[in-house]
Amino acid sequence: MWSFRAWRRRRVLARNPVDPALWARVRERLPFLDGLDEQEDRHLRERSVLFLHDKRLNPLGDLRLDVEERLLLAAQAQLPLLHLGDLDWYQGFHELVLYPDDFLSPQRHRDSSGVVHEWDGSHSGEAWLQGPVILAWPGVLASGGWEGYNLVIHELAHKLDMLNGDANGQPPLHRDMRPSDWATAMQSAYDALNAQLDAHPDADTAIDPYAAENPAEFFAVVSEYFFSAPDLLEHTWPAVYAQLRAFYRQDPLARLRRLRAEHPEYRTPPHPHHR
Ligand SMILES: [Zn+2]
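Numbering of residues starts from 1 in every chain and runs along the sequence as written. With the structure being a predicted model, the display of local features is reserved for residues of pLDDT at least 70 and the display and counting of side-chain atom pairs for 80 or more, all residues being used for whole-chain, interface and lining totals. To obtain the side-chain values, all non-hydrogen atoms of the structure were used and water was disregarded.

**Student:** If you had to explain the side chain of Asp 208 to someone new, which residues and values would you point to?
**Tutor:** Here Asp 208 shows up in the loop between helix H7 (179-199) and helix H8 (215-228). We call two N or O atoms a polar contact when they sit within 3.5 Å, provided that within protein one can donate a hydrogen and the other can accept it, with sequence-adjacent residues counted only if both atoms are side-chain atoms. Of the polar contacts made by the side chain of Asp 208, one reaches the backbone nitrogen of Tyr 210; its length is 2.9 Å. Helix and strand assignments follow DSSP, with helices taken as H or I runs no shorter than four residues and strands as E runs no shorter than two, numbered in order from the N terminus.

Structure (structure tokens):
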């Protein structure tokens, strides 16, 4: 069937070819994409091009982004959507605002009074309902590895969450998912983390305690782990991992295990507990 959308996509892709060497450099900078198969790699590259065509990147101050850096951002943004079909999951915003600020250290931590600080008091990223996504460029550069940290995925998970209203930790689920299964898995993990932190505010939790802030942050943080520390998330909260696998329709842990089986020397960095 003739489709205007498909025709437009082909035209955008034809007009914006990506040099294979350039794409190879982007892949090199994003180890958490290791293990994608050839078809996934091609889809990710094409969707990254379409994303950059559809969204406006707005770097502030002295920040300048070259084509490699723009692709570096787009590829991370598109990974969560890789198996979600053609629906425009990022329909709610048109602009990504990028702050040049370099922060002292990319840390979020919860002090003994239970107050959570993002990036030493500043915010590394924000996603507003109906508004742009705001990212600090140093946080984007710190993302892409297997460290359980990914600012891009965190902020865009908030956007997915907001597709069905306020950010409440539940994005629009697929028909083959049961909302009660989702709610049970997420709530019990969230409650367990909060109970642990209430008892010991400085507890060395497996998952970043920022997830205990509220259900929206919980979803955003576990989405980061799902893609960038799937082994740790599955080990800690298997039911949460299973729900995210059903939602994102991909299995990063299977990818990581295949990588390790095929390349016994493949190493992911140890997961820092507090980042
Ligand atoms: Zn957040």
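**Student:** Go over the coordination of the zinc ion with me, naming the residues and quoting the values.
**Tutor:** Note on the zinc ion: its protein donors are His 154 (NE2), His 158 (NE2), Glu 217 (OE) and Glu 217 (OE). The metal-donor distances range over 2.1 to 2.7 Å. Relative to the metal, the four donor atoms surrounding the zinc ion lie at angles of 53 to 144 degrees, and the coordination shape comes out irregular. Donor residues for the zinc ion, ordered by position in the chain, follow H-x3-H-x58-E. Note that His 154 is positioned in helix H6 (residues 151-161) and Glu 217 in helix H8, a separation of 63 residues in sequence. Each member of the pair, His 154 as well as Glu 217, is classed as buried. Distances up to 2.8 Å from the metal define which N, O and S atoms are donors, and 3.2 Å serves for Na, K and Ca; water is absent from the atom set, so sites may look incomplete. Under this scheme a four-donor centre is tetrahedral when all angles range from 85 to 135 degrees, a four-donor centre is square planar and a six-donor centre octahedral when opposite donors are above 155 degrees with the rest from 65 to 115, and any other centre is irregular. Burial classes follow relative accessibility: with a 1.4 Å probe on protein chains only, a residue under 20% of its type's maximum area counts as buried, one over 50% as exposed, and anything between as partly exposed.

**Student:** Outline the nonpolar core, supporting the account with residue identities and numerical values.
**Tutor:** Buried residues of nine kinds, namely Ala, Val, Leu, Ile, Met, Phe, Trp, Tyr and Cys, make up a nonpolar core once their side-chain atoms join them within 4.5 Å. Leu 233 and Leu 244 are the most contacted members of the largest nonpolar core, which totals 78 residues. Per-element tally for this core: the top contributor is H8, with eight residues.

**Student:** Can you lay out the packing of aromatic side chains for me, pointing to particular residues and giving the numbers?
**Tutor:** Here is the rule: rings of Phe, Tyr and Trp (six-membered ring for Trp) pair when centre to centre is within 6.5 Å. Planes less than 30 degrees apart are stacked, more than 60 are edge-to-face, and the remainder are tilted. In total, this model carries 14 aromatic pairs according to the counting rule given. Plain terms: the ring middles of Phe 51 and Tyr 90 are 6.0 Å apart, the flat faces sit at 70 degrees to each other, and that makes the pair edge-to-face. Of this pair, Phe 51 sits in helix H3 (residues 38-54) while Tyr 90 sits in the loop between helix H4 (67-78) and strand E2 (95-99), and the two are 39 residues apart along the sequence. Accessibility expressed as a relative area gives 4% for Phe 51, which makes it buried. Classification of Tyr 90 by relative accessible area gives buried; the value is 2%. Centre to centre, the rings of Phe 219 and Phe 247 are 6.2 Å apart; their planes meet at 70 degrees, and the pair counts as edge-to-face.

**Student:** Got a sec to walk through H4? Specific residues and values, please.
**Tutor:** Each helix should span, by expectation, one fewer than its residue count multiplied by 1.5 Å. When the terminal C-alpha atoms of H4 are compared, their 16 Å separation across 12 residues agrees well with the 16 Å that a helix rising 1.5 Å per residue should span. For H4, the tally of buried residues reaches 10 of 12 residues, placing the bulk of the element in the interior. All of the buried residues along H4 are Glu 68, Glu 69, Leu 71, Leu 72, Leu 73, Ala 74, Ala 75, Gln 76, Ala 77 and Gln 78. You can read the cap of H4 off the contacts: a side-chain oxygen lies 3.1 Å from the backbone nitrogen of Glu 68, and it is on Asp 66.

**Student:** Pulling in residues and values, what's your account of the pairing of strand E1 (residues 56-59)?
**Tutor:** Across four bridges, E1 lies against E2 in parallel orientation. By the bridge assignment for E2, Pro 59 is matched with Leu 98. Looking down the strands as they point away from the viewer, one classifies a crossover as right-handed if the path from the first strand across the helix to the second runs clockwise. In this fold, the crossover linking E1 to E2 by way of H4 has left-handed handedness. When DSSP finds two or more bridges between a pair of strands, those strands are recorded as paired.

**Student:** Would you mind going over the packing of H7 against H8 in detail, with residue names and values included?
**Tutor:** Interaxial angle, 0 to 180 degrees, is taken between N-to-C directions of lines fitted to C-alpha atoms, where a helix line uses only the stretch in contact. H8 packs onto H7 with a crossing angle of 95 degrees between their chain directions and a minimal axis gap of 11 Å. Between H7 and H8, the interaxial angle falls into the category roughly perpendicular. Taking contact as the criterion, the partners of Trp 182, Met 186, Ala 189 and Tyr 190 in H7 are, on H8, Pro 215, Phe 218 and Phe 219. Here the residues of the contact of H7 with H8 are counted per class, giving seven nonpolar, no polar and no charged. Oblique is the label for any angle not covered by the other classes, which are roughly parallel (under 35 degrees), roughly antiparallel (over 145) and roughly perpendicular (65 to 115). Two residues form a contact once any of their heavy atoms are found within 4.5 Å. Gly falls in the polar group here, along with every residue not listed as nonpolar (Ala, Val, Leu, Ile, Met, Phe, Trp, Tyr, Cys, Pro) or charged (Asp, Glu, Lys, Arg).

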